[in-house]
Structure formats: C-alpha cells, structure tokens
Amino acid sequence: MIGPIDRAILFLNLGGPETQADVRPFLYRLFSDPEIIRIRFTPLRKFVAWAISTAREKESKMMYQKIGGGSPIRRLTDQQAEAARSALEKRGFHTEIRAAFTCSRPLVEDVVKSLAQSGVKKILAFPLYPQYSLSTTKSALDRTRAAVRRFAPSAQLIELAEWHLHPLFLQAHAELIRKILPTFPDPSDEKIHLVFSAHSIPEKLVTERGDPYRDQMRQTVQGVLEKSGWRGPSTLAWQSKLGPIKWLGPSTEETIIKLGQEGVKQALVVPIAFVTDHIETLFELDQELAQEAGEAGIREFRRAPALNDHPTFIGSLVDLALRQTDFWS
C-alpha cells in the first residue's frame, strides 16, 4: 500500500476561460502580467489591463462561444496529468500531478497552497511550454517561485525549463502529421505544404532582451521535419498577434494567403507551439484560417491534431519528469 505522497508535479500553463463569465477575469490576469504588459508601475499596469480586458471582452466572448462557450484547456491538461501520473506509477514512481495556471483556475497560488496543506515537501515546476520564452516560461516559473515562498517555504522547488528538442516530443508531432496525410486527395509530401504555426511574441523580446523563443521554435520545426522524414515544402509562421507593436512574422494568415496566390492547393497547418487544443487551434486555425485558405484558393486545408494526450507525447512528459533526479531522491 502506498503511503502519503510527499511530492507533486505542477503542469504549468496559461489556462483559459471555461465559461463566458470567466472571459474578462482571464483577460485581466493575462494583461496584468508584467512580462506581457511591460509597465513597471503596478497600478498603471493594472489600469491598462482593465482597459484592454474591457475593450476585448465582447470579441473574446464571441470567439469562445464559437468553440462551445469556453476553453477545453483545463480538461485536457487534467487528462495529460492523469496519463502521466499513471505511467509514472506503473514504473514505480509515485507523485501527484496537478494542472496549475497563471490566468485562470486552478491558479498556481491556490494549487501550491493546497499542496502545502497536504504535506507536500517537493514540487517540480513543469511548464508545458516546450520552447522557452520570457512571456510564458519565465512568467510561469516566477509565479511558482513566489507561491512556494509564500505558501510552502519549507518545500524544495525543482524547475524544468525548455524541452523543445526532446525526441519523443518531436516524434509525437511527426506521428500526428503522418497520421493525417492520407486524408488529402494527393498525400505525397511534395504536393502538401506544411505550415508550422507558432504563437507570436513581440519582436523586441528577441532583439532587445535575448528571448530564445524564435531560435528554439526554428529548432523544433527542424527536428519535427527530420523525425517525420518530410520531403515536401514547409514554412514557419506566427499567429495571435496583439496590439500595434511589431511581432514575430510572417503571420500565419499572410502565409496562407501567399501560398494560395502561388498556386498551392493542399496545405497542412501544424500547431507547433501548443500542447493542447484551445482558442488558438479551435477558432483561429480551424475556423478563421480555414476560411482564409478557402478564399485564397487552397482547396484542401487540414490542421494536424494537437498533442493533447497522444501516447508518445505523454511519454515525453514522463521521461522529462524522470530526468529530474533531485525531485525523486
């Protein structure tokens, strides 16, 4: 019989609103993040976050309504956590794994507080962001450190950062690409243009602050191409730009329109930055981009499935967790 478990893994992610009522609080938390809105004076940053969330609330609610009313990210992250926990347990490694989000429930602070109350002594912060970015990975780890200092000061915190070249992570993407190819009228690599779509970030994060996200994304794409043995054309593009400042490009929309103008008839978009389905895949790619593709003359447009609980991807999470020897000692 297994005794009380004194360690826990946090699957860190941004989160998403589960209901229409959650949309505005989610947006406010998102734009309150100092790594998103770089205003040092906290009251001013929070005012800006309030203004942006108020302005975007109606449009955001509409988008979430078109994918069923809310984001599935909590349900999908819980599925990933259970699959990884079960796989670890079968190998003799016992731990809790909990979803912990920075912008929606369950919030990182609430999860850490709950774990501390249950007697957890070791916490592994595991950001579900394969590629490191100041706007995602750093933000999640900063929040986790602060929560541990406040609610679990006696617990040992172990951190995992980027894992953009883990072989099973790359293999999972390769398998999902290969799985969908037979649905095209002409499934040969040379007749399908792969468009890897990553969430964009402000360009100045890369050029002024040395954010490695762009380089790591390019490395991930190259790794997936090699794992899949891809012989056709491919492009890395960027989606989900916000605000007037310059973001990484070209945009996924611009890329699809250009491919259509060049006579491409078959395109497969791969959500390379996301480990679960959410608004960026279910609305931006499946609905908005699909419409753009059709209007641009791309007759056959597909989206590769998100990683979600794909067994090979779960294997990568398990392997990454097992490599954190300090957590298990």
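This section reports on the structure supplied with the text. (Residues numbered from 1 in each chain as written. Predicted model: local features only at pLDDT ≥ 70, side-chain atom pairs only at ≥ 80, totals over all residues. Heavy atoms only, no water.)

1. Side note on empty space enclosed by the protein
The criterion, for reference: Using protein atoms alone on a 1 Å grid, points that fit a 1.4 Å probe yet trap it form a cavity, whereas open point sets bounded by protein on both sides within 12 Å along at least five of seven lines form a pocket; residues with an atom within 4 Å of a point count as lining. Grid points are joined across faces, edges and corners, and a volume is the space filled by probe spheres set on the points. Helical segments are the DSSP runs of H or I of at least four residues, strand segments are the runs of E of at least two, and each set is numbered from the N terminus. Under the scheme applied, nonpolar residues are Ala, Val, Leu, Ile, Met, Phe, Trp, Tyr, Cys and Pro; charged residues are Asp, Glu, Lys and Arg; polar residues are all the others, including Gly.
Tallying each qualifying case throughout the model produces one cavity of 30 Å³ or more. The space that makes up the largest cavity amounts to roughly 40 Å³. Ranked by residues supplied to the lining of the largest cavity, first place goes to helix α5 (residues 134-151) with three residues. Residue classes in the lining of the largest cavity are distributed as five nonpolar, four polar and one charged.

2. Some remarks on a negative patch on the surface
The criterion, for reference: Exposure above 30% relative accessible area and the lack of any salt bridge qualify a residue for a patch; like charges then connect within 9 Å, and the nonpolar side chains Val, Leu, Ile, Met, Phe, Trp and Tyr within 5 Å. Working definition of accessibility: Shrake-Rupley area with a 1.4 Å probe, residue cover restricted to the visible protein chains. Counted as salt bridges are all cases of a side-chain nitrogen of Lys or Arg within 4 Å of a carboxyl oxygen of Asp or Glu. Under this rule, positive means Lys or Arg and negative means Asp or Glu; His and the chain ends count for nothing. Charge placement uses NZ in Lys and CZ in Arg. For Asp and Glu, CG and CD serve respectively.
Together, E59, E253, E254 and E288 give the surface a local cluster of negative charge. Relative to the elements of secondary structure, E59 occurs in helix α2 (residues 42-65).

3. Points about unusual backbone geometry
Cis geometry marks the peptide bond from R105 to P106; its omega dihedral reads 0°. With respect to the element layout, P106 can be found in the loop between β2 (96-101) and α4 (108-117). A cis amide bond links G249 to the next residue, P250, at an omega of 10°. As for its position among the elements, P250 is in the loop between β6 (234-239) and α9 (252-261). Even without being glycine, S240 reaches a positive phi, approximately 70°. Topologically, S240 is positioned in the loop between β6 and α9. Positive phi, normally seen in glycine, also occurs at N308, with a value near 40°. Structurally, the position occupied by N308 is in the loop between β8 (300-303) and α11 (311-322).

4. Thoughts on the layout of surface pockets
Its volume calculated, the second largest pocket comes out at about 320 Å³. Lining the second largest pocket are 14 residues, and of these D33, P34, T102, E109 and R143 sit closest to its centre. Only α1 (23-32) and α5 provide two or more residues apiece to the lining of the second largest pocket. Among the elements that line the lining of the second largest pocket, the one with the most residues is α5, at five residues. Grouping the constituent residues of the lining of the second largest pocket by class yields four nonpolar, three polar and seven charged.

5. Things to note about the packing of aromatic side chains
Stated formally: The aromatic pairing rule takes the rings of Phe, Tyr and Trp, using the six-membered ring of Trp, and pairs them if the centres are within 6.5 Å, calling planes under 30 degrees apart stacked, those over 60 edge-to-face and the rest tilted. As a reminder, the over-ring test applies to NZ of lysine and CZ of arginine, requiring each to be within 6 Å of the ring centre and within 35 degrees of the ring normal.
Scanning the model with the defined rule gives eight aromatic pairs in all. Ring geometry for F327 versus W328: centroids 4.8 Å apart, planes at 80°, classification edge-to-face. Through successive ring pairs, a cluster of aromatic residues spans F11, F126, W163, F169 and F313. Seen from the ring of F327, R7 lies directly overhead, with NZ or CZ sitting 5.8 Å from the centre. In this structure, R302 packs its charged tip against the face of F184, placed 4.7 Å from the ring centre.

6. Some words on helix α10 (residues 279-295)
Rules: Each residue is assigned a bend, namely the angle between axes fitted to the seven residues that terminate at it and the seven residues that start at it. We call two residues in contact whenever any of their non-hydrogen atoms come within 4.5 Å of each other.
L289 marks the point of greatest bend in α10, at about 35°. Along its buried surface, α10 packs onto α2, β5 (193-199), β6, α9, β7 (266-271) and β8. Residue G297 follows α10 closely and has a positive phi angle near 95°.

7. Looking at the sheet that holds β8
The condition that has to hold: We call two strands paired when DSSP finds no fewer than two bridges between them. Angles here are taken between N-to-C directions and fall from 0 to 180 degrees, while the axes themselves are lines fitted to C-alpha atoms, restricted in helices to the stretch in contact.
Taken in spatial order, the four strands of this open sheet run β6-β5-β7-β8, and their pairing is parallel. The open sheet has two free edges, formed respectively by β6 and β8, since each of these has just one partner strand. Each strand of the sheet is rotated relative to its neighbour by a mean of 25°, with strand direction disregarded. Relative to β6, β5 is paired through six bridges, and the arrangement is parallel. Counterpart to H199 in the pairing with β6 is Q239.

8. Topic: the pattern of salt bridges
Here is the rule we go by: A simple rule labels every residue: compare its accessible area, found with a 1.4 Å probe on the protein chains alone, to the largest value its type can have, and call it buried under 20%, exposed over 50%, or partly exposed in between.
Under the definition given, this model contains 20 salt bridges. E300 is the partner of R302 in a salt bridge, and the nearest nitrogen-oxygen pair spans 3.0 Å. Among the residues examined, R302 registers a relative accessible area of 19% and is labelled buried. Taking the relative accessible area as the measure of exposure, E300 reaches 22% and is therefore partly exposed. Several salt bridges converge on common partners, so that one network encompasses K138, D142, R145 and E159.

9. Here's the deal with the nonpolar core
Inclusion rule: Throughout this description, the term nonpolar core refers to a set of buried Ala, Val, Leu, Ile, Met, Phe, Trp, Tyr and Cys residues connected via side-chain atoms within 4.5 Å.
Core analysis: the biggest nonpolar cluster contains 55 residues, and I9, F11, F126, W163, F196 and L268 have the highest contact counts within it. Of all the elements, α11 adds the most residues to this core, at seven residues. Discounting residues that sit within four places of it in the chain, F196 has contacts with I177, V221, V224, L225, S234, T235, L236, A237, V270 and I272. The next biggest cluster of nonpolar side chains, apart from the first, holds 18 residues, and it includes L10, V108, V111 and L141.

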